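# Structural features, examined
What follows is the residue order along each chain.
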Amino acid sequence: MMFYEFNSINEFCRFILNTPINYSVFSEPASVVDYEEFTGTKNFEEAINLLKYGDSYQIENFRFLKKNFDNLLNSKINRNQEFNYYIGYAPNVKAYLEGSPLNMLYKERRKETKVLDIYFNCSCSAKTDILAIYNRGAITLSFIDYLERIGYFVSLHLTEMSYASQEKFYVEFNLKNYGMRVNISKLCFPMCHSSFLRRCIFRLQEVTPDITEKWRFGYGRPCEKKMMDGWLSDIFKIKDNYIIIPTPQEMGIEGKDIQSDAKNFFNYIGKYYDDLTYQKVKSK
């Protein structure tokens, strides 16, 4: 396994900008190809600038989308801590008719604060549309914000999990811990923009000294949920209290319609995570 962990975007940028490319494997680095339809940026330098400083247009577009998405969730909480969720004791007919993916009434019964880790794999296949990448990231960020408003402490593990034959590539970014609010300006580009994977992560692979020629073409394959579960359990000894966000294809996210993608997102979450075990936050 090739493993990286970065505590900040600046640390990541310094590393990929100051480490020489392994030209013996990547004679024609994909991170610098002139393919805007695939990467979403004109060149590598533009991607780095957007990663460092954010994309004001994308951030404003996301805020507009999130406002509409929050209305779709219909997530107002009443005094009895009853709110809409993807599971619950009774259907919310109004939410169902409005097309909300969270159309069940759920009543909070636990008094302790709950913690939850979300592992978001930014990896995806080359066939993935850039709008599908955007929608998956935007829905995930809205979902995290929603979970925190109904009482969860959420930690986001932004990862890249891919493999080539028996070789594994794992990257983790520590950009949001428990109790931190969602920082759109920090998270929007790495979670919603195709260039984060197709230029920035590709450059990280290109500067990895011990990477083999198995990664030369295609830069590996993205891990699906089953394999991600195996890595977290067997390698990192993480057993529960987490949700995996895998590839857009596995979640049924196509990038054509945000409401349809949101419904598929929550159908996926409800299919695999309807009986999570939560831990109390440890007191200081």
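Residues numbered from 1 in each chain as written. Predicted model: local features only at pLDDT ≥ 70, side-chain atom pairs only at ≥ 80, totals over all residues. Heavy atoms only, no water.

### Quick look at the overall build of the protein
The helix and strand tally for the protein stands at 11 helices and 10 strands. Each of the 284 residues in the protein was classed as buried or not, and the buried ones make up 55%. Looking at the protein alone, contacts between residues at least 24 apart form 76% of all its contacts between residues at least 6 apart. (Helix = DSSP H or I, 4+ residues; strand = E, 2+ residues; numbered from the N terminus. Buried < 20%, exposed > 50% of the residue type's maximum accessible area, 1.4 Å probe, protein only. Contact = heavy atoms within 4.5 Å.)

### Some details on the layout of surface pockets
Considered as a void within the structure, the largest pocket measures approximately 370 Å³ in volume. Taken together, 22 residues line the largest pocket, and the ones lying closest to its centre are Ala30, Phe202, Phe217, Gly218 and Tyr219. The set of elements that each furnish at least two residues to the lining of the largest pocket consists of β6 (152–164), α8 (194–206) and β8 (221–222). Top contributing element to the lining of the largest pocket by residue count: α8, with three residues. When its volume is computed, the second largest pocket comes out at roughly 230 Å³. Lining the second largest pocket are Gly40, Asp55, Tyr57, Gln58, Asn61, Ile130, Leu131, Tyr134, Cys192, His193 and Ser194. The set of elements that each furnish at least two residues to the lining of the second largest pocket consists of α4 (56–73) and α6 (130–149). When grouped by side-chain class, the residues that make up the lining of the second largest pocket number five nonpolar, five polar and one charged. (1 Å grid on protein atoms, 1.4 Å probe; cavity = no way out; pocket = protein on both sides within 12 Å on 5 of 7 lines; lining within 4 Å. Points joined across faces, edges and corners; volume = space filled by probe spheres on them. Nonpolar A, V, L, I, M, F, W, Y, C, P; charged D, E, K, R; others polar.)

### A few points about unusual backbone geometry
With a phi angle near 60°, Ser165 is a residue other than glycine that sits in the positive phi range. Along the chain, Ser165 turns up in the loop between β6 and β7 (167–176). A positive phi is found at Tyr219, a non-glycine position, where the angle reads about 60°. Along the chain, the position of Tyr219 falls in the loop between α8 and β8.

### Digging into the packing of helix α3 (residues 44–53) against α8
Packed helices, taken two at a time, are described by the angle their axes make and the gap between the axes. Following both chains from N to C, one finds α3 and α8 inclined at 105°, their axes separated by 10 Å at the closest point. As summarised for this structure, α3 and α8 are arranged roughly perpendicular, according to the angle between their axes. When α3 is examined against α8, the residues Phe44, Ala47, Ile48 and Leu51 are found in contact with a partner set consisting of Ser195, Phe196, Arg199, Cys200 and Arg203. Split by residue class, the contact of α3 with α8 holds six nonpolar, one polar and two charged. (Axes fitted to C-alpha atoms, helices over the stretch in contact; angles between N-to-C directions. Parallel < 35°, antiparallel > 145°, perpendicular 65-115°, else oblique.)

### Some points on the packing of aromatic side chains
Each aromatic ring pair is characterised by the separation of its centres together with the angle its planes make. All chains considered together, the criterion is met by 23 aromatic pairs. An angle of 50° between the planes, with centres 4.9 Å apart, marks the rings of Tyr268 and Tyr272 as tilted. You can see Tyr268 and its partner Tyr272 sitting in helix α11 (residues 258–272), four residues apart, about one turn around the helix. A relative accessible area of 6% places Tyr268 in the buried class. Classification of Tyr272 by relative accessible area gives partly exposed; the value is 38%. Put simply, the rings of Tyr4, Phe6, Phe12, Phe15, Phe169, Phe173, Phe189, Phe196 and Trp215 touch in pairs and so form one group of aromatic residues. Taking the ring centre of Tyr152 as reference, the NZ or CZ of Lys114 above it sits at 4.5 Å. Taking the ring centre of Phe44 as reference, the NZ or CZ of Arg203 above it sits at 4.0 Å. (Phe/Tyr/Trp six-rings, centres within 6.5 Å; stacked < 30°, edge-to-face > 60°. Lys NZ or Arg CZ within 6 Å of the ring centre and 35° of its normal.)

### Here's the deal with helix α9 (residues 225–235)
Residues Lys225, Met228, Asp229, Trp231, Leu232 and Ser233 constitute the buried set of α9. If you follow the buried residues of α9, they end up packed against β5 (114–121), β6, β7, β9 (242–245), α10 (248–251) and α11. Among the residues trailing α9, Lys237 stands out with phi positive, at a value near 60°.

### Regarding α6
In an α-helix there are 3.6 residues to a turn, and that puts residues three or four apart on one side. Along its 20 residues, α6 runs 29 Å from first to last C-alpha, staying within 8% of the 28 Å computed at 1.5 Å per residue. You can read the cap of α6 off the contacts: a side-chain oxygen lies 2.8 Å from the backbone nitrogen of Leu131, and it is on Asp129. After α6 finishes, the residue Gly151 shows a positive phi value of roughly 115°. (Expected span 1.5 Å × (residues − 1). Polar contact = N/O pair within 3.5 Å; in protein donor to acceptor, adjacent residues only side chain to side chain.)

### Observations concerning the confidence of the model for the protein
The pLDDT averaged across the protein works out to 85; a share of 85% of its residues lies at or above 70. Confidence, expressed as mean pLDDT per element, reaches its minimum in the protein at strand β10 (residues 279–280) with 37 and its maximum at α8 with 97. Within the model, the stretch residues 75–80 combines pLDDT values under 50 with 10 contacts to residues more than four positions away or in other chains. A low-confidence stretch, residues 275–284 (pLDDT under 50), is modelled with 21 contacts involving residues beyond four sequence positions or located in other chains. (pLDDT = per-residue confidence, 0-100.)

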